[in-house]
Amino acid sequence: QVQLVESGGGVVQAGDALRLSCTARPSTRYTLAWFRQAPGKERELVAAIGWSGGTTWYADFVKGRFTISRDHAGITMDLQMNNLMPEDTAVYYCAASRLAVITNIEGYETWGQGTQVTVSS
């Protein structure tokens, strides 16, 4: 089975930038995505990218600020987060799906352990 490991989380101030990375072992051509879950809230899809890297999807609340990408070898998937805001504070999870890029959480079968992102005002 594919194992996903997130890294890059941390504590930053509003307006700062942060880059998250997800490493897949072994390498995979699955659809990959970033979800996040804030305290007291449901887990929500942030961005997704197809196995070829040519198809992407972004939640409205991050459009223009976040950029998702992946390497051609299928080893890493990154999320560049710019102009972070306090409402971006959450645990961010990497997830994989055998399906094409979708927004339904039920379509993602493999998950990482999560990395904490905290944005102070």
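This text goes with the structure placed above it.
The model shown is predicted, which means the values in this text are computed figures rather than measured ones.

Student: Account for the nonpolar core, naming residues and giving values.
Tutor: If you look at soluble globular proteins, the nonpolar side chains tend to sit buried side by side. Counting 29 residues, the largest nonpolar core has Trp 34, Leu 79, Met 81 and Tyr 92 as the members making the most contacts within it. Secondary-structure elements contributing two or more residues to this core are strand S3 (18–25), strand S4 (31–37), strand S5 (44–49), strand S7 (66–70), strand S8 (76–81), strand S9 (90–97) and strand S11 (115–120). Apart from residues no more than four positions distant in its own chain, Met 81 is found in contact with Asp 16, Ala 17, Leu 18, Leu 20, Arg 65, Phe 66, Tyr 92 and Val 117. In this structure, Ala 33, Leu 45, Ala 95 and Tyr 108 belong to the second largest nonpolar core, which totals 6 residues.

Student: Give me the lowdown on the sheet that holds S8, citing residues and values where you can.
Tutor: Spatially, the 4 strands line up as an open sheet ordered S1-S3-S8-S7, and their pairing is antiparallel. Each of the sheet's edge strands pairs with one partner strand only, and the pair in question is strand S1 (3–7) and S7. Looking at each pair of strands side by side, their axes are set apart by 15 degrees on average, direction ignored. Alignment of S7 against S8, held across 5 bridges, turns out to be antiparallel. Note on S8: the bridge partner recorded for Arg 70 is Met 77.

Student: Which residues make up the state of the cysteines, and what are the values?
Tutor: Disulfides are covalent bonds that connect the sulfur atoms of two cysteines. The final tally for this structure, using the stated rule, is 1 disulfide. Between the sulfur atoms of Cys 22 and its disulfide partner Cys 94 the distance amounts to 2.0 Å. Where Cys 22 bonds to Cys 94 through sulfur, the torsion about that S-S bond is close to -75 degrees, and the disulfide is left-handed. Taken as a pair, Cys 22 in strand S3 and Cys 94 in strand S9 lie far apart in primary sequence, 72 residues in all. Accessibility expressed as a relative area gives 1% for Cys 22, which makes it buried.

Student: Describe the side chain of Asp 78, with residues and values.
Tutor: Tracing the chain through its elements places Asp 78 in strand S8. Within the structure, the side chain of Asp 78 is placed 2.8 Å from the side chain of Ser 21, a separation counted as a polar contact.

Student: Talk me through the packing of aromatic side chains; I want residue IDs and the actual numbers.
Tutor: The way to describe two aromatic rings as a pair is by their centre distance and the angle between their planes. Throughout the structure, instances matching the rule amount to 2 aromatic pairs. Ring geometry for Phe 35 versus Tyr 108: centroids 5.1 Å apart, planes at 80 degrees, classification edge-to-face. Taken as a pair, Phe 35 in strand S4 and Tyr 108 in the loop between S9 and strand S10 (110–111) lie far apart in primary sequence, 73 residues in all. In terms of burial, Phe 35 and Tyr 108 fall into one category: buried. Judged by centre distance (4.8 Å) and plane angle (55 degrees), the rings of Phe 35 and Trp 111 are tilted.

Student: Can you lay out the pairing of S3 for me, pointing to particular residues and giving the numbers?
Tutor: As defined by bridge partners, S1 adjoins S3 across 5 bridges and the pair is classed as antiparallel. Counted as the bridge partner of Leu 4 is Ala 24 from S3. Strand direction decides the pairing type here: S3 and S8, joined by 6 bridges, are antiparallel. If you follow Arg 19 over to S8, its bridge partner there is Gln 80.

Here is what the cut-offs are and how they apply
- Residues numbered from 1 in each chain as written.
- Predicted model: local features only at pLDDT ≥ 70, side-chain atom pairs only at ≥ 80, totals over all residues.
- Heavy atoms only, no water.
- Core = buried A, V, L, I, M, F, W, Y, C linked by side-chain atoms within 4.5 Å.
- Buried < 20%, exposed > 50% of the residue type's maximum accessible area, 1.4 Å probe, protein only.
- Helix = DSSP H or I, 4+ residues; strand = E, 2+ residues; numbered from the N terminus.
- Contact = heavy atoms within 4.5 Å.
- Pairing = 2+ DSSP bridges.
- Axes fitted to C-alpha atoms, helices over the stretch in contact; angles between N-to-C directions.
- Disulfide = S-S within 2.5 Å.
- Polar contact = N/O pair within 3.5 Å; in protein donor to acceptor, adjacent residues only side chain to side chain.
- Phe/Tyr/Trp six-rings, centres within 6.5 Å; stacked < 30°, edge-to-face > 60°.

Note that every value here comes from positions in space, so none of it alone points to a role or purpose.
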